[in-house]
Structures are given as C-alpha cells and as structure tokens.
Amino acid sequence: MQLVDAVRRKREAEGLSIRALSAVVGISFSTLARIERGDGLPDNNSKIRLLEWLGTDAEEAGLTFDNVAFVHFRAAKNVRSSTVQALLRAADCIRRGAGADIRGERPASKLPPDHEAFALSKEELEQTAEKFRKDLGLAPDQPLDSLQLDVEDVRVFRLTQTDCLQASVANRLRNEACEEWSAMSVPLENTEDSWAVLLNDCHTRERQRVTLLEEFWHILLGHKLTKIARVAEAFGRTYDKGEEHDAYYLASATLLPRSALIKAVGRKISSAEIARKFGTSPELVDYRLKRLGLWREHVGKKVALSSN
Ligand SMILES: [Zn+2]
C-alpha cells in the first residue's frame, strides 16, 4: 500500500499518465494500472522497478530498498547468501577500480524494458560461431584458447590475480565458495556497452574457457540485464532463459566447431581425445555431439531393417 501510494504521488507530481510511467519503468500498462488500483500485489520484478524509479522518495516514504545487484553471475543453485554478498562486494570494488561512471551508486534509475528475448535458430548459432572463428583467423580444426581472447571494452579480472578485492572476500570466493560460482559480469556503464568480467580461476582451464566465452557471448549478442531474480537473499539481474541458452550454445560451438566434429566422428575419435585436442572437457564434447545429432554415429549404435 505504501509503495503504491508513493508511486501514485510521484507520478501525479510529475504529471505522468499511467501509460507514460509504464514506458519509463518498463512495466506493462495493464500490470501498472492493476497495481495502482490495488488489485493484487506487484511481483518482485515490478516492485524493484518501482523502487528504483522512486529513488530517494522510496526512502522518505520509509520503504526499504534491497540493493539490486547490477551484475550477472553464473552461480550454482545452492549458492549461499554469504557468497552472493562477497560477489556483490567484489562487483563494487571492480566498478570502482575500473573508474566506472556509476561509482557504486545505485545504477541506472531507468531500467531497460522487460523485453521478450528472441532466440536464434540452431543454424544461425552455428553460422555465428563459424563467422567468429573466421574473424579470429582460425582454421576449422584449430583449437581456440578463449582465455587469450581480447574483446573490445571488456576487461577480464582473474580472481587470484586481481589486487582489487579485500583479502577476506577473495579468500572466501576462492576457497569455501569455489564451487558455487564461475563468473560474474559487471556493466561499467549504464548503457551496458563496457563491461568487467570477474573469472573464477580456481576452476580448471577447460571449464574457465567455456565460462568466459559464455560471458563474452552475452555481451557480443547485446543481451541486457533486464530480468530480476532472487539469488540467495539478494536480488540480482540476470539474462532470460533463451539468452542463457544462446550464449552457452555459442560458447560450445566456438570452442568445438561443427565441421571438425563431423570429421572426428567419421574417424571414430573418442570424446576424450577430441576434448584434449580442443582444450575442453569431454562432457562439453558430448553435449556438442548430441546437439548436432551425431551421437548415434559417435557411439556406433548399429541399426538395420529386419528382413521379415
Ligand atoms: Zn549466462
């Protein structure tokens, strides 16, 4: 009720119609109208969008503001809230260290609209990966070490190599919490054009390659942090499901090119051997072979028409 009153007061004071506010905060007109009528409670996503729009007015109205992490983490489902808190402290530190113009303040007061993501077709993803490898000057059977990759306006911080983090935060993230998270992307500008990626380098290099490449692909595909999700006890912004799929698929396709896999399967090369050659895990090879429909041939399952 307090939130709804505060929103209505500020909206009227600024002379905004419900429709105009809807465009500003990125909540649909019908949802916003329903919330103002007091017909049902706003969900977390709408609540945070409204609180961000209220800004200091929210505090004056006595509404608590759970700071929303303006970051994307790849974290395990069972991530502990102490780990999330440590990641948030790390994000602040990286933002400050990178001289970001958001300076640890509450980020954009204007969230991008809660859009419907469009997923790419499998063929489009394959071609996007092929084009990317070609631009890097790689031959189809040449491994890509994504840990050596430079992407314009993306700075990569390795957990064990950055001196930005407080020792206690760094220790917690690399020891007890090592398995709970793999990377965190932090936008350095409100436009989300320039980013920092904190990479958990306690994991194997094989795992880091796919993790880092997935973060790069989110950025290169222009994904925006528009969804709000509860992670442990904090709110974080995330990408949506379709975007997660596309970024992961592209990371795997860039590391393990289709034409090389077709050839390897034809020559009956094992997953372990393919993985060794391309610097990935055998599990990633299996995922690729299944997605490409090459599994039956790879495991050599015989099929035949019965004679009767
Ligand atoms: Zn992701």
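Look a little higher up for the structure.
Residues numbered from 1 in each chain as written. Predicted model: local features only at pLDDT ≥ 70, side-chain atom pairs only at ≥ 80, totals over all residues. Heavy atoms only, no water.

**Considering the overall build of the chain**
Part 1 of the reasoning: Looking only at helices and strands, the chain features 14 helices and seven strands.
Part 2 of the reasoning: Each of the 308 residues in the chain was classed as buried or not, and the buried ones make up 48%.
Part 3 of the reasoning: A fraction of 72% describes how many contacts in the chain between residues 6 or more apart in sequence connect residues 24 or more apart.
Part 4 of the reasoning: Accessible surface for the chain amounts to roughly 15800 Å². Of this, 49% is attributable to carbon and sulfur atoms. (Helix = DSSP H or I, 4+ residues; strand = E, 2+ residues; numbered from the N terminus. Buried < 20%, exposed > 50% of the residue type's maximum accessible area, 1.4 Å probe, protein only. Contact = heavy atoms within 4.5 Å. Areas by Shrake-Rupley, 256 points an atom, 1.4 Å probe, with all protein chains shown as cover.)

**Examining the coordination of the zinc ion**
Part 1 of the reasoning: Every protein donor of the zinc ion is accounted for by Glu214 (OE), His218 (NE2) and Glu244 (OE), and the metal-donor separations fall at 2.0 to 2.2 Å.
Part 2 of the reasoning: Mapped onto the polypeptide sequence, the residues donating to the zinc ion form the spacing pattern E-x3-H-x25-E. Pair noted here: Glu214 and His218 are both in helix H9 (residues 205-220), with a separation of four residues, about one helical turn. (Donors = N, O, S within 2.8 Å, 3.2 Å for Na, K, Ca; no water.)

**Notes on the packing of aromatic side chains**
Part 1 of the reasoning: Within the structure shown, the criterion is met by two aromatic pairs.
Part 2 of the reasoning: Centre to centre, the rings of Phe132 and Trp217 are 4.9 Å apart; their planes meet at 55°, and the pair counts as tilted. With a gap of 85 residues between them, Phe132 in helix H7 (residues 122-135) and Trp217 in helix H9 connect regions that are remote in the sequence. For the pair Phe132 and Trp217, one class covers both residues: buried.
Part 3 of the reasoning: Ring geometry for Tyr248 versus Tyr287: centroids 5.2 Å apart, planes at 65°, classification edge-to-face. Taken together, the residues span a long stretch of sequence, with Tyr248 in helix H10 (residues 241-255) and Tyr287 in helix H13 (residues 282-291) at a distance of 39 residues.
Part 4 of the reasoning: On the accessibility criterion, Tyr248 (27% relative accessible area) is partly exposed.
Part 5 of the reasoning: Residue placement shows Lys10 over the ring face of Trp53; its charged tip is 4.7 Å from the ring centre. (Phe/Tyr/Trp six-rings, centres within 6.5 Å; stacked < 30°, edge-to-face > 60°. Lys NZ or Arg CZ within 6 Å of the ring centre and 35° of its normal.)

**Digging into the state of the cysteines**
Part 1 of the reasoning: Applying the stated criterion across every chain, the model contains one disulfide.
Part 2 of the reasoning: Free cysteine: Cys178, not disulfide-bonded; nearest cysteine sulfur from Cys202 at 4.3 Å.
Part 3 of the reasoning: Accessibility expressed as a relative area gives 13% for Cys178, which makes it buried. (Disulfide = S-S within 2.5 Å.)

**Comments concerning unusual backbone geometry**
Part 1 of the reasoning: The backbone phi angle of Asp153 is positive, close to 65°, even though this residue is not glycine.
Part 2 of the reasoning: Turning to its location among the elements, Asp153 is positioned in the loop between H7 and strand E3 (154-158).

**Details of the nonpolar core**
Part 1 of the reasoning: In terms of nonpolar packing, the biggest core is built from 40 residues, with Val154, Leu213, Phe216, Trp217, Leu256, Leu261 and Ile274 touching the most fellow members.
Part 2 of the reasoning: Secondary structure elements with two or more residues in this core: H7, strand E5 (195-199), H9, H10, helix H11 (258-266), helix H12 (271-278) and H13.
Part 3 of the reasoning: Membership of the second largest hydrophobic core comes to 19 residues, among which are Ala98, Leu173, Met184 and Leu198. (Core = buried A, V, L, I, M, F, W, Y, C linked by side-chain atoms within 4.5 Å.)

**Overview of H13**
Part 1 of the reasoning: Listed as buried for H13 are Leu284, Val285, Arg288 and Leu289. The buried side chains of H13 occupy one side of the element, clustering within an arc of 135° when seen end-on.
Part 2 of the reasoning: At its buried positions, H13 is contacted by H7, H9, H10, H11, H12 and helix H14 (295-299).
Part 3 of the reasoning: Looking at the residues trailing H13, positive phi occurs at Gly293, about 75°. (Arc of directions from axis to C-beta.)

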